[in-house]
There are 2 protein chains.
Amino acid sequence: MDEIRSRISSRTYLPGTRLPSVRAQAKALRVSVSTVVEAYERLVAEGVIHSRPGSGFYVSGPVAPLALAEIGPRLDRAVDPLWISRQSLEADAGVLKPGCGWLPESWMYEAGMRRALRAVARADSSVLTDYATPLGLPALRQVLARRLVAAGIDAPPDQIVLAESGTQAIDLICRFLLEPGDVVLVDDPCYFNFHALLKAHRANIVGVPYTPNGPDLEAFAAALREHSPRLYITNSGIHNPTGATLSAATAHRLLTLAERSDLVIVEDDIFADFETDPAPRLAAFDGLSRVIHIGSFSKTISASLRCGYIAARADWVDALVDLKIATSFGGGQLAASVLLTALTDSGYRKHMEAVRQRLAQAMESTVDTLQGMGIAPWLIPRAGMFVWCRLPPDVDAAATARTCLQQGVVLAPGNAFSQSQSGSNFLRFNVAQCTDSRVFESLAQSLSR
Amino acid sequence: MDEIRSRISSRTYLPGTRLPSVRAQAKALRVSVSTVVEAYERLVAEGVIHSRPGSGFYVSGPVAPLALAEIGPRLDRAVDPLWISRQSLEADAGVLKPGCGWLPESWMYEAGMRRALRAVARADSSVLTDYATPLGLPALRQVLARRLVAAGIDAPPDQIVLAESGTQAIDLICRFLLEPGDVVLVDDPCYFNFHALLKAHRANIVGVPYTPNGPDLEAFAAALREHSPRLYITNSGIHNPTGATLSAATAHRLLTLAERSDLVIVEDDIFADFETDPAPRLAAFDGLSRVIHIGSFSKTISASLRCGYIAARADWVDALVDLKIATSFGGGQLAASVLLTALTDSGYRKHMEAVRQRLAQAMESTVDTLQGMGIAPWLIPRAGMFVWCRLPPDVDAAATARTCLQQGVVLAPGNAFSQSQSGSNFLRFNVAQCTDSRVFESLAQSLSR
């Protein structure tokens with residue numbers, strides 16, 4: 001019954017769909033015929049399905065609301081992206097979060113935020129009360145354009161669209177490019193919320209194994225042949241969760257493959273300011289022809305301030321802005337103005353230098369401690385907050401996460417990041433959240449079980 | 001060629017679809033066979049379609065990006081919802097906007113915003129830097145719950161979900177409830193961005209004529225029978241664009257009809273604080289069983305501050321929050337904290353009293369002036385900023401809007417609000433934006449042509 005309910009929620013069975021015959025269903029689900037008969041009869045009693053004598057069982061309408069949790073295979077909660085996001089977002093101050101994707105409060109640009117808020121409190125009345133123009137605050141788009149040029153990405157301000165967040169930026173692009181059922185390539189492993197976001201668009205997600213230099217190009221080429229995907233979503237700069245960086249050679253060959261099969265690429269550059277020596281950017285190589293570049297400052301300035309951006313080819317901007325107006329009525333100037341003030345504050349550069357040093361130290365000590373426990377980094381990241389680690393043989397990451405959660409430690413088990421569920425032996429650590437020894441005590445306890 | 005391109009963009013023709021034969025197409029589009037042959041050949045040359053010898057013409061893949069502007073019938077730009085939104089959002093200070101949907105800067109709660117920003121600049125570090133909890137700032141949800149109870153809507157804080165805006169609130173609900181192709185009922189006329197938003201969800205929009213007491217119930221019942229819609233989206237309190245208010249009798253009968261046909265209703269309460277004597281709320285009658293109540297303060301406190309809310313039945317909250325996390329990663333605390341501070345500032349009540357008085361005066365003088373020009377209000381609204389007016393016989397609102405736009409006056413022609421395009425003789429006036437006599441001079445000029 002759960003299986004059929006979930007296929008109805010996930011739209012695999014649409015209203016009016018004829019269900020497989022009892023025999024076929026029994027075979028497919030590897031259960032007895034009588035079990036299926038029983039399940040079908042109960043679902044009829046519930047009105048979820050109905051039978052047409054002599055014809056079979058049909059799904060009843062109307063369509064059930066979209067429940068992301070029920071789309072696709074039921075995941076162990078410990079590796080369910082939405083559940084992990086909630087664990088981290090709901091965690092109170094007492095809980096330790098080595099599995100979360102952001103820096104501790106005290107590492108963020110708090111002083112700059114306070115200055116920016118005081119400055120904006122004195123801004124023109126229109127900044128405080130008006131809607132923004134459709135593309136978003138021009139002065140911020142100019143600053144972003146200059147930053148992008150410095151990264152080799154030639155994006156004039158009128159090819160930059162502000163969004164409510166980096167996530168909303170990707171969401172707008174998915175609305176623009178995807179049809180339900182379209183195939184989207186992601187890295188395996190990749191940032192787990194990509195899975196949730198793509199589910200919300202009812203895309204078919206195909207994972208491509210990630211190597212220390214970027215996606216495995218043979219697997220990528222095979223996925224292009226086999227699935228003719230519409231889109232590939234990846235992190236540029238520092239890869240989440242592996243901390244790997246794309247090599248120039250891989251970037252070039254990846255784009256050549258993409259051109260051949262008319263693939264659009266979304267490059268999420270949210271970790272840019274953590275880099276010490278910048279990695280190649282697909283958008284720089286490609287010149288924003290088939291690559292869409294997005295970013296935000298939730299990881300460096302403030303996650304409380306919601307503002308992201310999209311840099312895209314000129315002839316896509318209007319349609320993206322139409323979708324933005326239709327679905328969020330443009331947005332406001334306030335967040336953009338506070339961000340602009342904080343970003344152009346002379347203190348931001350110093351702040352990020354300090355954060356990078358602090359991260360480098362935290363990376364070193366965390367890796368040492370983990371290695372001492374038999375937990376081995378897949379690679380030593382050049383920069384950033386994440387290190388992707390293999391647990392000792394036969395230790396299940398999900399089980400470890402469950403045990404540690406009982407002790408108030410939120411971990412990020414590998415399969416939350418893995419479409420192929422090949423990460424059961426991995427954990428992602430956020431080194432900035434590993435400064436409290438209780439993280440390792442709880443981990444050691446769980447390993448010693 | 002345009003027609004076929006637009007059907008491809010709008011997904012009427014999906015990739016792989018066989019196009020109608022040249023003869024059938026010629027007949028359907030009422031053009032000559034040779035025109036269709038010519039068009040098909042050019043589209044083949046462009047690679048938009050391809051021919052299979054002896055079989056016909058087929059749409060080439062991949063799917064074109066979603067261009068809202070090309071979905072549905074091509075509208076006169078002067079009545080295209082997205083184009084009107086852009087005209088108002090892009091207009092510089094010199095332009096007059098009697099057609100826009102918000103108050104002038106100087107009418108907004110600027111003093112409260114400045115106080116709130118200064119207060120939040122001193123708030124705890126977490127308010128300035130952290131993500132919000134999944135449902136959104138608890139203290140704001142408590143204040144909203146109290147406001148709703150005062151309006152007769154029993155929505156405890158854990159049934160209130162914060163969103164980035166009122167529009168994003170409706171968008172989340174559409175993601176939750178709608179499948180592409182689902183039928184959605186709207187008022188005819190209704191707030192024009194509902195049309196754009198529903199297009200983005202590829203819903204089929206059906207308009208129900210609006211009367212001075214609410215939707216025409218016979219037409220509503222007929223639409224339920226004919227289209228079995230999934231959803232009905234309407235304004236509660238003061239209706240946009242007509243300024244009408246729902247009567248208790250209509251509300252009751254409407255809900256009875258909705259219950260019979262399992263219809264979900266979204267009630268957009270964004271104009272609540274403009275009311276002098278509150279109209280009935282569907283959510284109050286229904287007890288949040290099939291009615292979802294949404295709102296924001298973009299019209300009264302600030303449009304620059306993005307924060308809206310959803311009040312919904314308890315068993316829908318989790319799925320809505322999952323969608324919110326997947327598509328905007330929860331959101332921040334900053335906007336919610338500024339809104340909370342401004343909303344609970346003792347000055348807000350006084351501010352709104354002044355705004356209501358000012359609107360009442362502007363309503364009276366605007367209506368007088370318009371009547372003197374032969375422009376007759378459909379009804380005299382009890383409150384709010386909008387008055388829906390019939391132009392003199394045979395005057396086309398879209399033509400009038402085009403003429404006035406050349407003189408820097410943005411009007412809102414009736415058909416932008418009308419699914420049936422039955423508003424060609426109507427204009428919506430925002431009385432708060434009609435205090436400059438140039439509005440009427442330009443209008444008079446255009447009428448005298």
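Predicted, not measured: the structure shown is a model, and the values here were computed from it. (Residues numbered from 1 in each chain as written. Chains lettered and ligands numbered in written order. Predicted model: local features only at pLDDT ≥ 70, side-chain atom pairs only at ≥ 80, totals over all residues. Heavy atoms only, no water.)

Chemist: Report on the pattern of salt bridges, specifying residues and quantitative values.
Modeler: Opposite charge on two side chains allows them to pair when their charged atoms are near. By the definition in use, this model includes 32 salt bridges over all chains. For Asp 318 of chain A, the salt bridge identified is with Arg 86 of chain B, shortest N-O distance 3.3 Å. Of this pair, Asp 318 of chain A sits in helix H13 (residues 314–328) while Arg 86 of chain B is found in helix H4 (residues 81–90), placing the two residues in two different chains. Its relative accessible area of 49% is what places Asp 318 of chain A among the partly exposed residues. By relative accessible area, which is 12% here, Arg 86 of chain B ends up buried. Note that Asp 436 of chain A is salt-bridged to Arg 438 of chain A, the shortest N-O span being 2.7 Å. With a relative accessible area of 22%, Asp 436 of chain A lands in the partly exposed category. Salt bridges sharing common partners tie together Asp 171 and Arg 175 of chain A together with Asp 171 and Arg 175 of chain B. (Salt bridge = Lys/Arg side-chain N within 4 Å of Asp/Glu carboxyl O. Helix = DSSP H or I, 4+ residues; strand = E, 2+ residues; numbered from the N terminus. Buried < 20%, exposed > 50% of the residue type's maximum accessible area, 1.4 Å probe, protein only.)

Chemist: Please provide a residue-by-residue account of the environment of Arg 349 of chain A, values included.
Modeler: All names here are of chain A. Here Arg 349 lies in helix H15 (residues 347–372). Overall, the relative accessible area of 64% leaves Arg 349 in the exposed class. Separated by 76 residues in sequence, Arg 349 and Asp 273 place their C-alpha atoms 9.2 Å apart.

Chemist: I'd like a description of unusual backbone geometry, backed by residues and values.
Modeler: All names here are of chain A. In this structure, the amide linkage connecting Asp 188 to the following residue, Pro 189, adopts the cis form with an omega of 5°. Secondary-structure assignment places Pro 189 in the loop between strand S4 (183–188) and helix H9 (192–200). For Asp 394, which is not glycine, the phi dihedral falls at a positive 65°. Along the chain, Asp 394 turns up in the loop between strand S12 (386–390) and helix H16 (397–406).

Chemist: Which residues make up the layout of surface pockets, and what values go with them?
Modeler: Residues and elements named next belong to chain A. The space that makes up the largest pocket amounts to roughly 780 Å³. Among the secondary structure elements, those contributing two or more residues to the lining of the largest pocket are helix H7 (138–150), strand S9 (291–296), helix H14 (334–344) and H15. Residue classes in the lining of the largest pocket are distributed as 14 nonpolar, six polar and nine charged. The residues that make up the lining of the largest pocket include at least three from each of domain 2 (75–101 + 349–447) and domain 3 (110–345). (1 Å grid on protein atoms, 1.4 Å probe; cavity = no way out; pocket = protein on both sides within 12 Å on 5 of 7 lines; lining within 4 Å. Points joined across faces, edges and corners; volume = space filled by probe spheres on them. Nonpolar A, V, L, I, M, F, W, Y, C, P; charged D, E, K, R; others polar. Domains from an automatic or database assignment.)

Chemist: How would you sum up the side chain of Gln 433 of chain A? Please name residues and give values.
Modeler: Residue and element names in this part refer to chain A. Counting through the fold element by element, Gln 433 comes out in the loop between strand S14 (426–430) and helix H17 (438–448). Classification of Gln 433 as buried rests on a relative accessible area of 12%. Looking at Gln 433, its side chain comes within polar contact range of the main-chain oxygen of Trp 102, at 2.9 Å. (Polar contact = N/O pair within 3.5 Å; in protein donor to acceptor, adjacent residues only side chain to side chain.)

Chemist: How would you sum up the packing of helix H8 (residues 166–177) of chain B against helix H9 (residues 192–200) of chain B? Please name residues and give values.
Modeler: Residues and elements named next belong to chain B. Where H8 contacts H9, the two axes come as close as 11 Å, and the packing angle between them is 40°. Our classification of the angle between H8 and H9 gives oblique. Between H8 and H9 lies a crossing whose hand is right-handed. In this structure, H8 uses Thr 167, Ile 170, Asp 171 and Cys 174 to contact H9, whose residues at the interface are Asn 193, Phe 194, Leu 197 and Leu 198. (Axes fitted to C-alpha atoms, helices over the stretch in contact; angles between N-to-C directions. Parallel < 35°, antiparallel > 145°, perpendicular 65-115°, else oblique. Left-handed = near helix turned anticlockwise from the far one by under 90°. Contact = heavy atoms within 4.5 Å.)

Chemist: Please provide a residue-by-residue account of helix H10 (residues 217–227) of chain A, values included.
Modeler: Residue and element names in this part refer to chain A. Within the span of H10, buried status applies to Leu 217, Phe 220, Ala 221, Ala 223 and Leu 224. For H10, the arc enclosing every buried residue in end-on projection is 160°, short of the 170-degree limit, so these residues lie on one face. Opposite its buried face, H10 presents the exposed residues Glu 218, Arg 225 and Glu 226, each directed more than 90 degrees away. Where H10 is buried, its residues meet S4, strand S5 (204–211), strand S6 (214–215), strand S7 (231–235) and helix H11 (248–260). Two or three places before Glu 218, at the start of H10, stands the capping residue Asp 216, its side-chain oxygen 3.0 Å from that residue's backbone nitrogen. (Arc of directions from axis to C-beta.)

Chemist: So what's going on with the sheet that holds strand S11 (residues 376–377) of chain B? Which residues, and what values?
Modeler: All names here are of chain B. Sheet architecture is open: four strands sit in the order S11-S12-S14-S13, paired in antiparallel fashion. The open sheet is flanked by S11 and strand S13 (412–413), the only strands paired with a single partner. The pairing of S11 with strand S12 (residues 386–390) spans two bridges and is antiparallel. By the bridge assignment for S12, Pro 377 is matched with Cys 389. (Pairing = 2+ DSSP bridges.)

Chemist: Describe the relation of the copies chain B and chain A, listing the residues and the values that go with them.
Modeler: At an RMSD of 0.2 Å, chain B and chain A line up after a rotation of 180° and a shift of 0.1 Å along the axis. Taken together, the rotation angle and the small translation identify this as a two-fold axis. Take the interface residues of chain B: 100% of them recur as interface residues in chain A, which is what a same-surface contact looks like. (Least-squares fit on C-alpha atoms with pLDDT ≥ 70 in both.)

Chemist: Tell me what's going on with H16 of chain A, and back it up with residues and numbers.
Modeler: Residues and elements named next belong to chain A. Taken as a whole, H16 has its buried residues at Ala 397, Ala 398, Thr 400, Ala 401, Thr 403 and Cys 404. Check the buried side of H16 and you find it contacts strand S13 (412–413), S14 and H17. The first or second residue beyond H16 is Gly 408, which carries a positive phi of 75°.

Chemist: Hey, could you go over the sheet that holds strand S10 (residues 308–311) of chain A for me, with residue numbers and the actual values?
Modeler: Residues and elements named next belong to chain A. With mixed pairing, the eight strands of this open sheet are ordered in space as S3-S10-S9-S8-S7-S4-S5-S6. Looking at the sheet topology across the chains shown, the edges are occupied by strand S3 (160–163) and S6. Sheet topology note: the S3/S10 ladder contains four bridges and is antiparallel. Following the sheet pairing, Ala 163 is matched in S10 by Gly 308.

Chemist: Provide a residue-level description of the packing of aromatic side chains, including the pertinent values.
Modeler: All chains considered together, the criterion is met by 28 aromatic pairs over all chains. Considering the side-chain rings of Phe 271 of chain B and Phe 274 of chain B, the 6.2 Å spacing of their centres and the 45° angle between planes classify their relative orientation as tilted. We note that Phe 271 of chain B, like Phe 274 of chain B, is buried. Members of the aromatic cluster, each reached through a chain of ring pairs, are Tyr 191, Phe 192, Phe 194, Trp 388, Phe 417 and Phe 426 of chain A. Positioned over the ring face of Trp 316 of chain A is Arg 313 of chain A, at 5.0 Å from the centre of the ring. (Phe/Tyr/Trp six-rings, centres within 6.5 Å; stacked < 30°, edge-to-face > 60°. Lys NZ or Arg CZ within 6 Å of the ring centre and 35° of its normal.)

Chemist: Pulling in residues and values, what's your account of the interface of chain B and chain A?
Modeler: Every contact between the two is made by 80 residues of chain B and, on the other side, 80 residues of chain A. With both chains or domains summed, chain B and chain A bury close to 6800 Å², and 58% of this area falls on carbon and sulfur atoms. Counting the contacts that link chain B with chain A gives eight salt bridges. Across the contact surface, chain B and chain A share 38 residue pairs in polar contact (both at pLDDT 80 or more). When residues of the side of chain B that touches chain A are traced back to their parent elements, those giving at least two are H4, helix H5 (110–120), helix H6 (125–129), H8, H9 and helix H13 (314–328) of chain B. In the side of chain B that touches chain A, the residues fall into 41 nonpolar, 18 polar and 21 charged. (Buried area = accessible area lost by both parts, 1.4 Å probe.)

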